[in-house]
Structure formats: structure tokens, C-alpha cells
Amino acid sequence: MAIVLVALTALVLLGAGCGETVGYTEATGDRTNGKELFTAKCGGCHTLADAGTTGTIGPNLDDAFAESRRNGLGESTFVQVVRDQIAYSIEETSTGAPGMPQNLVTGQDAIDVSTYVASVAGTGKAPSPAPAQTTPDKPAKPGAAGDAAAGKVVFTGNCGGCHTLADAGTNGTIGPNLDDKPHSSELVTERVTNGKGAMPSFSETLTATQIADVSAYVSSVSGK
Ligand code: HEC
Ligand code: HEC
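## Notes on the site of ligand 1
Moving on, step 1. In the neighbourhood of ligand 1, 25 residues make up the surrounding shell, with Cys42, Cys45, His46, Gln85 and Met100 lying closest.
Moving on, step 2. Between ligand 1 and Gln85, the relevant distance is 3.2 Å, taken from an oxygen atom to a side-chain nitrogen or oxygen of the residue.
Moving on, step 3. One of the backbone N or O atoms of Ile90 is found 3.2 Å from an oxygen atom in ligand 1.
Moving on, step 4. Of all elements in the fold, only helix H1 (2-16), helix H3 (61-70) and helix H4 (75-88) reach the threshold of two or more residues within the shell around ligand 1.
Moving on, step 5. Counting residues per element, the shell around ligand 1 draws most heavily on H4, which supplies three residues.
Moving on, step 6. Looking at the shell around ligand 1, its residues break down into 19 nonpolar, five polar and one charged.
Moving on, step 7. Looking at which domains feed residues into the shell around ligand 1, each of domain 1 (2-120) and domain 2 (131-221) supplies at least three.

Here's what the structure looks like:
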């Protein structure tokens, strides 16, 4: 919440000053395109119930906006906060923790994502079909063959914010480009389960089945 308030204050200051904004005036974005882009580029780091994403690197966006929404701040304010965050996010944190890359989306795409997030974050609406909840939570045998189609959904919702993978349409740059070389299902399972360096462990956020699925998916399409 503190971050939202800081962003709002910054806005007021900006508005009073040079008049330079990042090109947003009305909530004219396309929410459908915004949701697709959010899932591919932001969900790996942010939880947002409506998009069914469960990233934990950045703040939970439902939590971040819920209180301001209760306090009656309008949707157009939220659009501007998100739009500014996309342009002016902090890439290099003082703690060395992964930051948020600037301008992951630009132009109309950025307006679409901002309009989408502003329309759903913190509304407390039940998620529209969330990948995290559609996969039955039954333990999978380590190394068991996963379902690559289900794994693609897991990938775009949790990994694409950091990894480029052509088949999934994602272009994150925090982690290695997964098109560069083939990755075995075993390696993917190991990384996703244990994390490494700036990559978090997903052992708490993904089920064993989802990890098997995403491993099957990445190993079937990486390095192509
Ligand atoms: C690599 C991880 C990462 C990705 C990808 C990412 N973010 Fe972030 N995001 C963060 C982190 C870390 C913060 C908190 C630090 C900051 O404010 O810059 C943050 C903060 C935010 C905030 C402010 C939340 C608050 O509490 O005020 C918003 C809004 C946001 N991100 C939206 C987005 C959108 C939209 C995208 C996709 C275009 C995106 N993020 C992609 C990591 C990420
Ligand atoms: C916050 C960013 C982030 C997220 C989210 C993320 N990764 Fe990573 N990933 C990284 C980084 C950084 C590395 C490099 C780690 C190292 O070797 O130090 C990496 C490494 C990998 C590697 C090994 C690549 C290589 O060439 O060594 C694979 C495979 C991988 N990630 C898959 C995934 C999958 C699948 C997910 C989703 C479940 C995911 N990652 C989510 C940042 C991320």
C-alpha cells in the first residue's frame, strides 16, 4: 500500500510540474489484450486472481489495490498508477532482490495492460478459470511424464515474466532465454523445485503435477 501511495504522490507532483506523462488520459484500453499480455509478461512475478497468476516476486496486486478501491479511489487513478509503474519501475533494487524491468510493454499495449489491471485488481471477484486451481492437487511421481498442454498455461502464468520462450509468446529477460538451447525435463523440474540465484523455488506455489506439466512443456519446446 505504501508503494501505491508513493506512486500517487509522485503523480500529483508530476501533474503540477512539467506536464510530461506517459501518454494516458482515458481508460480506453482493450482489456482482453491487456489480460493476455499480463498473463504472459507480468504474472510470473505478480499474483492477480482474475488472471489466475500466482507470482510472488512482486507485490500481490489484489492486495495492493484492495484498500484504495475500498477508499473510493477511481479506476482512472489506478490505470495511471499501473501505467507509471510500467514506465518507472525500479529495475535495480538496493537489496539485490529481483526488481521489475521497465517498459515490459509500451504504447497501446501498456494502456491495455493498465486498463485491465485497474479493472480487476482488488475487486475480490472470484478468479476466472485459474490454472493453479484447475489441476487436481494429487502428488505426481518425480519424473512422471507431465501434460505439456497444461504446462504451457503454468509457464505463461508463472515463468514468462522472466524467460523468453517463443512457443509461449513470452519475452522476459531476467532469466536465460529458453529458446537458446534444449532443456531436459529433469533440469526444468530441478530448477523449478529448488530455484537458483534470482529464480525463486516454486515448491510452495506449484503442485507436483504442475511442476511435472511445466517440465514436460519446456523440454518439448525449448531450443527449437
Ligand atoms: C521480474 C518480476 C516482475 C515483473 C515481470 C513485473 N513486475 Fe511489477 N513489480 C515487481 C516488483 C519487485 C515490484 C515492487 C518494486 C517496485 O515497485 O518497483 C513491482 C511492483 C508493481 C506494481 C506496484 C504495486 C504496489 O504495491 O504499488 C504494479 C502495479 C506492478 N508491479 C505491475 C506490473 C505489471 C503490469 C507488469 C507487466 C507489464 C509487471 N508488474 C511485471 C516485479 C515484477
Ligand atoms: C523471477 C524470475 C524468474 C522466474 C519467475 C522464473 N525463472 Fe527460471 N531462471 C531465472 C534465472 C535468473 C535463472 C538463472 C539461474 C542461474 O543459473 O543462476 C533461471 C534459470 C532457469 C532454467 C535453467 C536455464 C539455463 O539455461 O540454465 C530453467 C529451465 C528455468 N529457469 C525454467 C523456469 C520455469 C519453468 C519457471 C516457471 C515455473 C521459471 N523458470 C521461473 C529467473 C526466473
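Moving on from the model shown.
## Quick word on the environment of Phe78
Moving on, step 1. Along the chain, Phe78 turns up in helix H4.
Moving on, step 2. Phe78 gets classed as buried once you look at its relative accessible area, which sits at 2%.
Moving on, step 3. Beyond its immediate chain neighbours, meaning those up to four positions away, Phe78 contacts Phe65, Ser68, Arg69, Leu73 and Ala118.

## Notes on the site of ligand 2
Moving on, step 1. Looking at ligand 2, there are 20 residues lining it, with Cys159, Cys162, His163, His183 and Met199 nearest.
Moving on, step 2. Interatomic distance of 2.8 Å between a side-chain N/O atom of His163 and a nitrogen atom of ligand 2.
Moving on, step 3. A class-by-class count of the residues in the shell around ligand 2 yields twelve nonpolar, five polar and three charged.

## Examining helix H7 (residues 148-158)
Moving on, step 1. Taken residue by residue, H7 has Gly151, Val154, Phe155, Thr156, Gly157 and Asn158 as its buried positions.
Moving on, step 2. Elements in contact with the buried residues of H7: helix H2 (31-41), strand E2 (53-54), strand E3 (164-165), strand E4 (170-171) and helix H9 (208-221).
Moving on, step 3. N-cap assignment for H7: the residue whose side-chain oxygen lies 3.0 Å from the backbone N of Ala149 is Asp147.

## Structural notes on the nonpolar core
Moving on, step 1. Core analysis: the largest hydrophobic core is formed by 21 residues, its most contacted members being Phe38, Leu48, Phe65, Val113, Tyr116 and Val117.
Moving on, step 2. Within the residue set of this core, elements represented by two or more residues are H2, H3, H4 and helix H5 (107-120).
Moving on, step 3. No other element matches the six residues that H5 contributes to this core.
Moving on, step 4. Beyond its immediate sequence surroundings of up to four residues, Phe38 is in contact with Gly43, His46, Leu48, Ala51, Thr53, Leu61, Val113, Tyr116 and Val117.
Moving on, step 5. Of all hydrophobic cores here, the second largest spans 15 residues; its members include Cys159, Val188, Ile211 and Tyr217.

Rules used throughout
Residues numbered from 1 in each chain as written. Chains lettered and ligands numbered in written order. Predicted model: local features only at pLDDT ≥ 70, side-chain atom pairs only at ≥ 80, totals over all residues. Heavy atoms only, no water. Near = heavy atom within 4 Å. Polar contact = N/O pair within 3.5 Å; in protein donor to acceptor, adjacent residues only side chain to side chain. Helix = DSSP H or I, 4+ residues; strand = E, 2+ residues; numbered from the N terminus. Nonpolar A, V, L, I, M, F, W, Y, C, P; charged D, E, K, R; others polar. Domains from an automatic or database assignment. Buried < 20%, exposed > 50% of the residue type's maximum accessible area, 1.4 Å probe, protein only. Contact = heavy atoms within 4.5 Å. Core = buried A, V, L, I, M, F, W, Y, C linked by side-chain atoms within 4.5 Å.

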